[in-house]
Every structure is written in C-alpha cells, then in structure tokens.
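Listed here are the chains, written in short residue letters.
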Amino acid sequence: MNHEHGGDIYGRDILYDFSANLNPFGMPESVIKAACAAVPESDKYPDPYCRELTGRLSEHENVSAGNIVCGNGADDLIYRIIHALEPKRAVVAVPTFSEYAKALSEVGCKITEHRLEESADFALDESILQRLTDDTDILILCSPNNPTGRLIDGHLTRILCGVCRDKGIVFVCDECFLELTEFGSQGSAGKFMNGNVVILKAFTKTYAMAGLRLGYALFGSAELAERVRRSGQFWSVSAPAQAAGIAALGEREYVGRARKLIPAERAYLSEMLEKYGFKVYPSDADFILFRCGLPLDELLLNEGILIRSCGNYSGLGDGYFRIAVRLREENEKLVGAIEKVMKWQKA
C-alpha cells in the first residue's frame, strides 16, 4: 500500500523518523502521566463534549467555549467541517496537505487549485484573491504550510479574512504547526477573527501527541461550531486524550524551549543540505522542503532513516523531500547518513 503521509514507521526497521513533524522534545512527562492515569477510567465513555478540556482551551485561547470543537486530531475536524458544510466550490493552495482535497472530494466539491510558484519559494501572495469568486464556498489554507513551511504574511491574512467575510466564504486556516514557529500565536488568523473564519490547531504537533490524536478548531461563529460539533462521531476524543490535552496546556515552558531550538537546528540542517548540492527552500516551521536528483528516501531507508517523499503532493513531484527538524544528535545522524549515501553515489 502506498502510504501518503509521514510517520509510517511500522513494518520496517526505522532508527530515526524524520518524516513526522512533531515537537523534537517528545511528549512531556506530565502529559504521559495524565494519559496513563486516565486509562483505568476508560471503562466509561469519554465526555463527548470534552467539557473540562474545552474550558481550559477557552482560557488558553481567550475564545468562548461555545466556539471551540475538539476532535480526534485536526484531521478528524477537517472531515467534520467539510461534511457539515457540504461546500460546492473550494479554493486550495498547492502544494499542501492532501487531506483537504480528499475530504472535499468526498462531498463532491469542485476544487480550484491555486499553484504556489517554486520561483517564489512557494510563498502565498495576493494573486490568490483572484480565485475567490462569488460562487466560492470555502477557502482552505495552511500556515505554516505543509510541506513548504511558509507562513502566510499577516497583511495578506487580514485581507483574506475580510474578503471571505464580505463574500460569504468560510476561511479554514490550518495552524497546526504555528505554535512551533518563532512567532507562535502572534502569526494567527485569530487576530482577524470573524464569523467566517475557522482555525485548526493540534496537540499532535505542538506536544508530540500523534498517537493520542487530539486537535481542536476555533470558530468565529458559534452557530457554525455547533453544526460541526454535531457532525461526525459522537465520542471522537478518548478519555486519555482529553486528560493529556488538559495536562499539555500547562506546559508553556516546554513549547518555548522548542521555539528556541527549532530555528537553530533548521539553519544547521539547511546548511548541511545545501552543502551536498540540494535545493533548500525557506521555512518558518519545524520542517524543511528540499529537492535533489537522487531517490534519497530509498537510500536513507537502508540506513534506518525515514524521510518524507513529496512526490505525491499536487504541485510538486519526484525529487522533492521533506525532513523534520529534530534534536542536534538526531540531526547529526541524518547528516552523517546523507554524507554516506552521497559518497556511495560518487564511488
């Protein structure tokens, strides 16, 4: 089976996973303890409305609890939003996370792809405004974008929020990687929130909780939030995941440490990749997109290292790869493995 996402370490001998973009410090100890402590209580159904977690999120995000919906990861919420809205026409900038298009296709939505230009290092610019026609129902963007790592400019975000409000377009801004950027929530579309804006966030990335599956969405409209809350499965978030999320919200210092580490390690990896002649694209995130003429993913698998081939992203193709920014010791292992396979190629 062709796996379309990172993190598929199963069934193969992987020593280092650079395909999944998670907080390099791993899951906080407090989160592990909270999840484990909730397991004995899992003979009961979890709270379907995630009341305590939503209350903590309300304080954390300064958003009314009625405007917050929790889900089984942000991926779950993408499908619930789209199935609740059943849009007819959508605009998506590519390359980007493939689940947007998959979910839109499930409801028969016509998708207009706005292609991000390699010559502009895949930065989103105001040309996307031309795509937002009067018959557009939904705009889905990612900031920082996956796999390019580029943030949407704040001025453009403000314009997009206003245009979508005026045209009656729902603007879904996926900010799952935003907390791990240097800017944190300062770069959020939440600064320009209105009734047409939806912001996706995930504990998955920020707190390295990929296996627990926990995400949430912030809505400018309580009515829209309720529609999404009623969409999808009833018990979407397990008791251990809810407990873990509550504990994670107390880990402010942990997130700050990652924000300090990532830029330095990203710069180190970018320099090393360029040293070997690879084309490296600018990134604001905890991952890097680059291009090379070798089947690097296959070569590194022989070294027990998994990276993300981006050949299946619309707007990219063979030769594009994405790597996560990890701790220095792990990053050095990756660099050493690349040096080894490059020497083999020259031999």
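Quantities reported herein were computed from a predicted structural model and do not represent experimental measurements. (Residues numbered from 1 in each chain as written. Predicted model: local features only at pLDDT ≥ 70, side-chain atom pairs only at ≥ 80, totals over all residues. Heavy atoms only, no water.)

Draft legend 1. Layout of helix 4 (residues 99-106). Looking only at helix 4, the buried set comprises E99, Y100, A103 and L104. Along the axis of helix 4, the buried positions cluster into a sector of 135°, meaning they face one direction only. Those residues of helix 4 that are buried lie in contact with helix 3 (74-85), strand 3 (89-94), strand 4 (110-115), strand 5 (138-142) and strand 6 (170-174). Positive phi shows up at G108, right after helix 4, with a value of about 70°. (Buried < 20%, exposed > 50% of the residue type's maximum accessible area, 1.4 Å probe, protein only. Helix = DSSP H or I, 4+ residues; strand = E, 2+ residues; numbered from the N terminus. Arc of directions from axis to C-beta. Contact = heavy atoms within 4.5 Å.)

Draft legend 2. Spatial organisation of the environment of G26. Tracing the chain through its elements places G26 in the loop between strand 1 (16-17) and helix 1 (29-38). Linking G26 and E113, residues 87 residues apart in sequence, is a C-alpha distance of 35 Å. With residues near it in sequence (within four places) discarded, G26 still touches Y207, A208 and Y254.

Draft legend 3. Structural detail: a nonpolar patch on the surface. A surface patch of nonpolar side chains, amounting to about 500 Å² of accessible area, comprises Y45, Y49, F234 and W235. Checked against the element boundaries, Y45 lands in the loop between helix 1 and helix 2 (51-61). (Patch = residues over 30% accessible without salt bridge, like charges linked within 9 Å, V, L, I, M, F, W, Y side chains within 5 Å. Areas by Shrake-Rupley, 256 points an atom, 1.4 Å probe, with all protein chains shown as cover. Salt bridge = Lys/Arg side-chain N within 4 Å of Asp/Glu carboxyl O.)

Draft legend 4. Spatial organisation of the sheet that holds strand 6. Pairing is mixed across the open sheet formed by seven strands, whose spatial order is 2-8-7-6-5-3-4. At either margin of the open sheet sits one strand with a lone partner, and together these are strand 2 (68-71) and strand 4. If you compare each strand with its neighbour and ignore which way they point, the axes differ by 20° on average. As judged from the four bridges shared by strand 2 and strand 8 (residues 215-219), these two strands associate in the antiparallel manner. Paired with C70 across the bridge in strand 8 is Y216. Along the sheet face, helix 2 touches strand 2, strand 7 (197-202) and strand 8 and points at about 125° away from the line of strand 2. (Pairing = 2+ DSSP bridges. Axes fitted to C-alpha atoms, helices over the stretch in contact; angles between N-to-C directions.)

Draft legend 5. Structural detail: unusual backbone geometry. A cis amide bond links S143 with the next residue in sequence, P144, at an omega value of -5°. Along the chain, the position of P144 falls in the loop between strand 5 and helix 5 (154-167). Although it is not a glycine, C50 adopts a positive phi angle of roughly 50°. By secondary structure assignment, the location of C50 is in the loop between helix 1 and helix 2. Take C50: its relative accessible area is 3%, and that puts it in the buried class. The residue N62 is not glycine, and still its phi comes out positive at about 55°. Following the sequence through the fold, N62 ends up in the loop between helix 2 and strand 2. Note on N62: relative accessible area 71%, which makes it exposed.

Draft legend 6. A look at the packing of helix 3 against helix 4. Taken N-terminus to C-terminus, the directions of helix 3 and helix 4 make an angle of 35°; their axes are 9 Å apart at the nearest point. The two elements helix 3 and helix 4 cross, and the hand of that crossing is right-handed. Contacts between helix 3 and helix 4 involve D75, I78, Y79, I82 and H83 on the former and, on the latter, E99, Y100, K102, A103, L104 and E106. For the contact of helix 3 with helix 4, the class distribution of residues is six nonpolar, one polar and four charged. (Left-handed = near helix turned anticlockwise from the far one by under 90°. Nonpolar A, V, L, I, M, F, W, Y, C, P; charged D, E, K, R; others polar.)

Draft legend 7. Examining the pattern of salt bridges more closely. For the coordinates displayed, the defined rule picks out 20 salt bridges. Residue R229 is joined to E226 by a salt bridge in which the shortest nitrogen-to-oxygen separation is 2.5 Å. Taken together, the residues R229 and E226, both in helix 7 (residues 222-229) and three residues apart, mark about one turn of the helix. Connected via shared salt-bridge partners are E61, E179, K201 and R259.

Draft legend 8. Focus on the sheet that holds strand 13 (residues 320-324). Across the sheet, four strands lie side by side as 9-10-13-12; this open sheet has antiparallel pairing. Sheet topology places strand 9 (279-280) and strand 12 (308-309) at the edges, where each strand pairs with a single neighbour. Taken together, the two bridges between strand 12 and strand 13 define a ladder with antiparallel strand orientation. Note that in strand 13 the partner of R308 across the bridge is R322.

Draft legend 9. Quick peek at the nonpolar core. Of all hydrophobic cores here, the largest spans 54 residues; its most connected members are L139 and F203. Element by element, the count of residues in this core is highest for helix 8 (residues 239-248), at five residues. Setting aside anything within four residues of it in sequence, one finds F203 in contact with L53, L57, A208, M209, L214, G215, Y216, G245, A248 and L249. Among the nonpolar cores identified, the runner-up in size contains 29 residues, and I78, V198, L200 and V228 belong to it. (Core = buried A, V, L, I, M, F, W, Y, C linked by side-chain atoms within 4.5 Å.)

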